[in-house]
Amino acid sequence: MKKMAMALAVGIFFLGVASIAQALPFTLDSYTVSLNQSDPGLKVYANKILDEPFTFNLNVGESQRFTLFNLGTRETWSNKDDKVAMPISVDFKFSNPQANNSVNGITKGWTIWFFASGGKVDWDGPAEFNFGNTGLFSLSLDDKLFSTPGETSVGGNIEYVAADTPTAPVPEPGTVLLLGLGLAGIAFMNWKKMAKMN
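A brief look at the structure comes next.

Basis of the calculations
Residues numbered from 1 in each chain as written. Predicted model: local features only at pLDDT ≥ 70, side-chain atom pairs only at ≥ 80, totals over all residues. Heavy atoms only, no water. Pairing = 2+ DSSP bridges. Helix = DSSP H or I, 4+ residues; strand = E, 2+ residues; numbered from the N terminus. Axes fitted to C-alpha atoms, helices over the stretch in contact; angles between N-to-C directions. Buried < 20%, exposed > 50% of the residue type's maximum accessible area, 1.4 Å probe, protein only. Polar contact = N/O pair within 3.5 Å; in protein donor to acceptor, adjacent residues only side chain to side chain. Contact = heavy atoms within 4.5 Å. Salt bridge = Lys/Arg side-chain N within 4 Å of Asp/Glu carboxyl O. Core = buried A, V, L, I, M, F, W, Y, C linked by side-chain atoms within 4.5 Å.

Quick notes on the sheet that holds strand S9 (residues 135–141)
The five strands lie next to each other as S2-S4-S11-S9-S8, forming an open sheet whose pairing is antiparallel. Two strands close off the open sheet at either side, each with one partner strand: strand S2 (45–48) and strand S8 (127–131). Each strand of the sheet is rotated relative to its neighbour by a mean of 30 degrees, with strand direction disregarded. Taken together, the four bridges between S2 and strand S4 (residues 63–73) define a ladder with antiparallel strand orientation. Bridge pairing in S4 places Lys-48 opposite Phe-69.

Here is the structure:
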């Protein structure tokens, strides 16, 4: 009886560990880049690189790097009106885990006297994607510089921060009663066996 109880406890432990260590599949269904294409501000364009849907697996604490799009400008020089900061955002839609959010930033032009000019993109920081009860992952994009005219590749990083822990359902009274009777039966059998040994 003791061996059976020990084997049951070990089995439950390993099932619990296996469920904790299981990787979560991520699926990015689509992403959309919204940016400035008129004056004032630097006129920029974006060409998507990443194939959709994009699927990968992560455990809690792991991260995934990827390249999303090429960002650039066809303007030949960054003038005064190009140095006005203009908004840029990338909207992300995940189907697994189901979560949507945006990473926001700005684009603007820069010059170094009469020698060089270009554009840059600066992102506000990582966006947090909540799912389920306690599930969380963050997505950050790279700040970049590019020349006029010219382009650069914008990549990012997804970090799986916290796993979703579903709320445990409240057991019905009948289930609790059966569980109690089963435990009482096991205790009685152990007591009876110990009494015979003495």
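From this point, the narrative continues.
Overview of the side chain of Ser-78
Along the polypeptide, Ser-78 turns up in the loop between S4 and strand S5 (86–96). Classification of Ser-78 by relative accessible area gives buried; the value is 2%. One polar contact links the side chain of Ser-78 to the main-chain amide nitrogen of Trp-110, over a distance of 3.3 Å. When near neighbours in sequence (up to four residues on either side) are disregarded, Ser-78 contacts Lys-83, Gly-109, Trp-110, Thr-111, Ser-117, Gly-118 and Thr-148.

Some remarks on the sheet that holds strand S10 (residues 144–147)
Pairing is antiparallel in the open sheet, where six strands are placed in the order S3-S1-S5-S6-S7-S10. The open sheet has two free edges, formed respectively by strand S3 (54–58) and S10, since each of these has just one partner strand. Strand-to-strand twist in this sheet, taken as the mean axis angle between neighbours without regard to direction, amounts to 30 degrees.

What to know about the pairing of S4
Pairing of S4 with strand S11 (residues 150–162) involves 10 bridges; the strand directions are antiparallel. Of the residues in S11, the one forming a bridge with Gln-64 is Ile-158.

Observations regarding the pattern of salt bridges
A full pass over the atoms with the stated rule returns four salt bridges. Here Asp-39 ties to Lys-43 by a salt bridge, and the two come within 3.9 Å at their closest N and O atoms. For Lys-43, a relative accessible area of 35% corresponds to the partly exposed category. Among the ionic pairs, Lys-48 bridges to Glu-52, the shortest N-O distance being 3.1 Å. According to the relative accessible area criterion, Lys-48 is partly exposed, its value standing at 43%.

Here's the deal with the nonpolar core
Counting 33 residues, the largest nonpolar core has Phe-69, Phe-92, Trp-123, Leu-139 and Leu-141 as the members making the most contacts within it. Top contributing element to this core by residue count: strand S1 (residues 24–34), with five residues. In contact with Phe-92, not counting residues within four places along its chain, are Leu-28, Ser-30, Tyr-31, Leu-68, Ala-99, Asn-100, Asn-101, Val-103, Phe-129, Leu-139 and Leu-141.

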